[in-house]
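Structure at a glance
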2 protein chains.
Amino acid sequence: MSLYSINTPIIRPGDNIAKVMINALEKEKLHLKDGDIIVIAESVVATSQGRLEKLDQVNPSEGAIRLAKEYDLDPKIAEIVLREANEVCGGVKGVLLTQKDGLFVANAGVDSSNAPKDYVVLLPKEPQKTADGIKKQVEKKTGKKIGIIIGDSRVIPLKRGVIGVALATAGIEPVEDCRGMVDLFGRKLQVTFRAIADDVVSAAQILMGEADEQSPMVLIRGAPIKFTEEPQQEMQLSPEECMYMNVFQLRHTN
Amino acid sequence: MSLYSINTPIIRPGDNIAKVMINALEKEKLHLKDGDIIVIAESVVATSQGRLEKLDQVNPSEGAIRLAKEYDLDPKIAEIVLREANEVCGGVKGVLLTQKDGLFVANAGVDSSNAPKDYVVLLPKEPQKTADGIKKQVEKKTGKKIGIIIGDSRVIPLKRGVIGVALATAGIEPVEDCRGMVDLFGRKLQVTFRAIADDVVSAAQILMGEADEQSPMVLIRGAPIKFTEEPQQEMQLSPEECMYMNVFQLRHTN
């Protein structure tokens, strides 16, 4: 399995990500093959969609000011987080843990890194539709069957640092169903699902960096992943199915 | 960056993992280079250490029988989980969420997959010392400076399926400290740490599989990771630093 980082120009609102990708691949002399997967950082997808907020145009509400004081945040950022989040669950110094679209996300994805000066970048809108659209465009242009993953970052309880996770996938089965598979000794596996799309984003993030590397896309070649137009598995768990959610409850923060 | 899966014979108690690795690399015609990293599945490390339990020799306690009934488990497995875990936090059908050595682990790492018939495999003992020892032996034998990671699996709240995480690392900085780095626009990064060793294990797990693939080791070449004999960062967070732990509390399960 091989991974190649793809350098792009700085992405601007209105840019067509599929076109940017094809141009960047050409510049890198990378010729797409059937079965290639491209991971795209969520921040460039969001920027291309104009999902940016200019900080000096934000008027923090009283709730945002209170949150900002409690968790040591810019009140303008806290205001945008309140707007973006489905629920603010609490936080630690400098960051809020929120729920958004059924997942736990730091600061509801509001990120001041790699956004233009005085702006923050939000999470992409309609990530699934966007991934499908990029795949379609790139396949039409190149004639190759590929997979597209929009990648994001998450943290694991009690672990330091962010890892890669998939926000949306197109063309691949994001979760490998291991039920019915057998181990070396012919016994049924205990692990029932593998979050293979998340693993792929984590792999890509090794090459992406978070700083000024300007490689918001990574090409993965030779990954033993099932290609499909109709994925069978959801990446998301309901709280009832989730081991953590069955064990923990929210503290009363207010 | 390139990844190569390394097939090995079935590992038995008493096997020397460093020797197994060197033999397997030779068979695959992979010649180690300075800067290579090898991820080893925790199950083969544990097996080589004899960290196996024979199920028919286990006598479940009353507590284990009660747990097994509540969460639909084999009482013998529940008994071993109780012995291995620092704390059983609760669970869902078929699996207990436990704390072990400061981390959240499903079933305290007790796994019936890929253990010999009628046995379960536990987590390795002294993973840090073991990783150091394997690195030292392989470097002595090959003369190359390498990194070793013992890999394991974890789940993220509200996400389906397991991803790769690092249990111990030797020779590399497991967590990249991004404080002070700047983004594309010269602004300080919001992400402060990257769990790069976890990302590497996730990448390796794409090639490892969980079933009968028999590739419990993966070689990673060309990863832009800092090599060091004295890592500056811990992979573990204290509950006070953890976003989740500041937001959630344990339900009363008893």
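Residues numbered from 1 in each chain as written. Chains lettered and ligands numbered in written order. Predicted model: local features only at pLDDT ≥ 70, side-chain atom pairs only at ≥ 80, totals over all residues. Heavy atoms only, no water.

Description of the packing of aromatic side chains
Put simply, the rule is: Only Phe, Tyr and Trp rings are paired, with Trp represented by its six-membered ring, and only when their centres lie within 6.5 Å; those with planes under 30 degrees apart are stacked, over 60 edge-to-face, the remainder tilted. Secondary structure elements are taken from DSSP: a helix is a run of H or I of four residues or more, a strand is a run of E of two residues or more, and numbering for both begins at the N terminus. Think of it in three bands: residues with accessible area under 20% of the maximum for their type are buried, residues over 50% are exposed, and the middle band is partly exposed, with areas taken using a 1.4 Å probe on protein chains only. When the NZ atom of lysine or the CZ atom of arginine is within 6 Å of a ring's centre and also within 35 degrees of its normal, the charge is said to sit over that ring.
In the structure shown here, the tally under the stated rule is five aromatic pairs over all chains. Between F104(A) and F248(B), the aromatic rings sit 5.4 Å apart at their centres with planes inclined by 85°, giving edge-to-face as the arrangement. Residue F104(A) is located in strand β6 (residues 103-106), and its partner F248(B) is located in strand β13 (residues 248-250); the two belong to separate chains. Judged by its relative accessible area of 3%, F104(A) falls in the buried class. Aromatic ring contacts, followed pair by pair, group F104(A), Y244(A), F248(A), F104(B), Y244(B) and F248(B) into a single cluster. We note R160(A) situated over the ring of F193(B); from NZ or CZ to the ring centre the distance is 5.4 Å.

Side note on the relation of the copies chain B and chain A
Let me state the cut-off plainly: Copy-to-copy alignment: least squares on C-alpha atoms, limited to residues at pLDDT 70 or above in both. Contacts between residues were defined by any pair of non-hydrogen atoms, one from each residue, lying within 4.5 Å.
Between chain B and chain A, which share one sequence, the superposing operator has a rotation angle of 180° and an axial displacement of 0.0 Å; the RMSD is 0.0 Å. When the rotation and shift are considered jointly, the pair of chain copies conforms to a two-fold rotation axis. Mapped onto chain A, 99% of the interface residues of chain B are again interface residues, and the two copies thus contact each other with one and the same surface.

Some remarks on the packing of helix α1 (residues 17-27) of chain A against helix α5 (residues 127-142) of chain A
Residue and element names in this part refer to chain A. Using the following cut-off: The axes are straight lines fitted to the C-alpha atoms, using for helices just the contacting stretch, and the angles between their N-to-C directions are given from 0 to 180°. Angles are sorted into four bins: roughly parallel if under 35 degrees, roughly antiparallel if over 145, roughly perpendicular if 65 to 115, and oblique for all others. By convention, the crossing between two helices is left-handed when the near helix turns anticlockwise from the far helix through less than a right angle, and right-handed when the turn is clockwise. Three classes are used, and their members are as follows: Ala, Val, Leu, Ile, Met, Phe, Trp, Tyr, Cys and Pro are nonpolar, Asp, Glu, Lys and Arg are charged, and the others, Gly among them, are polar.
At a minimum axis distance of 9 Å, the contact between α1 and α5 shows a crossing angle of 45°. In terms of orientation, α1 lies oblique with respect to α5. Every pair of crossing elements has a handedness; the one defined by α1 and α5 is right-handed. Contact residues: I17, A18, M21 and I22 in α1; I134, Q137, V138, K141 and T142 in α5. Along the lines of polarity and charge, the residues of the contact of α1 with α5 split into six nonpolar, two polar and one charged.

A few points about the interface of chain B and chain A
Stated precisely, the cut-off is as follows: Put simply, buried area is the surface a 1.4 Å probe can reach on two separate parts but cannot reach once they are joined, added for both. The term salt bridge refers to a pairing of a side-chain nitrogen on Lys or Arg with a carboxyl oxygen on Asp or Glu at a separation within 4 Å.
Tallying the contact residues gives 91 residues for chain B and 90 residues for chain A. Between chain B and chain A lies a buried interface of about 8,600 Å² when both sides are counted; carbon and sulfur atoms form 63% of it. At the surface where chain B touches chain A, the tally comes to four salt bridges. Among the ionic pairs, K159(B) bridges to D198(A), the shortest N-O distance being 3.2 Å.

Concerning the domain arrangement of chain A
Residue and element names in this part refer to chain A. Applied cut-off: For each domain, the first and last residues come from an automatic or database assignment. Here a polar contact means two N or O atoms within 3.5 Å. Within protein one must be a hydrogen donor candidate and the other an acceptor candidate, and residues neighboring in sequence count only if both atoms are side-chain atoms.
For chain A, the assigned domains are domain 1 (2-43 + 125-246) and domain 2 (52-123). Distance from the C-alpha centre of domain 1 to the C-alpha centre of domain 2: 26 Å. Here domain 1 packs against domain 2, burying approximately 870 Å² in sum over the two surfaces, 54% of which is carbon and sulfur. For domain 1, the biggest contributors to the area lost against domain 2 are S43, R154 and Q236; these three give 43% of the whole. Linking domain 1 to domain 2 there are zero salt bridges. For the interface between domain 1 and domain 2, the tally reads two residue pairs in polar contact (both at pLDDT 80 or more). Among the elements of the structure, α2 (42-48) and β8 (147-154) are those that each provide at least two residues to the side of domain 1 that touches domain 2.

A closer look at the pairing of β8(A)
Residue and element names in this part refer to chain A. Under the convention used in this document: The pairing criterion is simple: DSSP has to find at least two bridges between the two strands.
Burial analysis of β8 places seven of its eight residues in the buried class, the great majority of the element. For strand β2 (residues 37-41) and β8, the ladder comprises five bridges, and the chain directions are parallel. Residue pairing in the sheet places A41 in a bridge with G151 of β8. Pairing geometry for β8 and strand β9 (residues 163-170), over seven bridges, is antiparallel. For I149, the partnering residue across the bridge sits in β9 and is T169.

Notes on helix α5 (residues 127-142) of chain B
Side chains three or four residues apart in an α-helix point the same way, a direct result of the helix having 3.6 residues per turn. Residue and element names in this part refer to chain B. Inclusion rule: What a helix should span is 1.5 Å times the count of its residues minus one. Within this analysis, the arc is defined by the directions that extend from the helix axis to the C-beta atoms.
Spanning 16 residues, α5 covers 22 Å between terminal C-alpha atoms, matching the ideal 22 Å at 1.5 Å per step. Among the residues of α5, T130, A131, I134, K135, V138 and E139 are the ones counted as buried. Each buried residue of α5 lies within a common arc of 160° when the element is viewed along its axis, so the set occupies one face. Along α5, exposed side chains directed more than 90 degrees from the buried face belong to K129, K136 and K140. Considering only its buried residues, α5 is in contact with α1 (17-27), β2 (37-41), α2 (42-48), β8 (147-154) and β9 (163-170).

A short note on the pattern of salt bridges
Between side chains of opposite charge, a pair can form as their charged atoms come close. Applying the stated criterion to the full structure yields 32 salt bridges over all chains. Between K93(B) and D72(B) there is a salt bridge, with the nearest N and O atoms lying 3.0 Å from each other. With K93(B) in the loop between β4 (87-92) and β5 (95-100) and D72(B) in the loop between α3 (62-71) and α4 (75-84), this pair connects stretches of sequence that are 21 residues apart. By relative accessible area, K93(B) is classed as exposed at 70%. We classify D72(B) as partly exposed; its relative accessible area is 48%. Linked through salt bridges whose partners overlap, the residues forming this network are K135(A), E139(A), K145(A) and E229(A).

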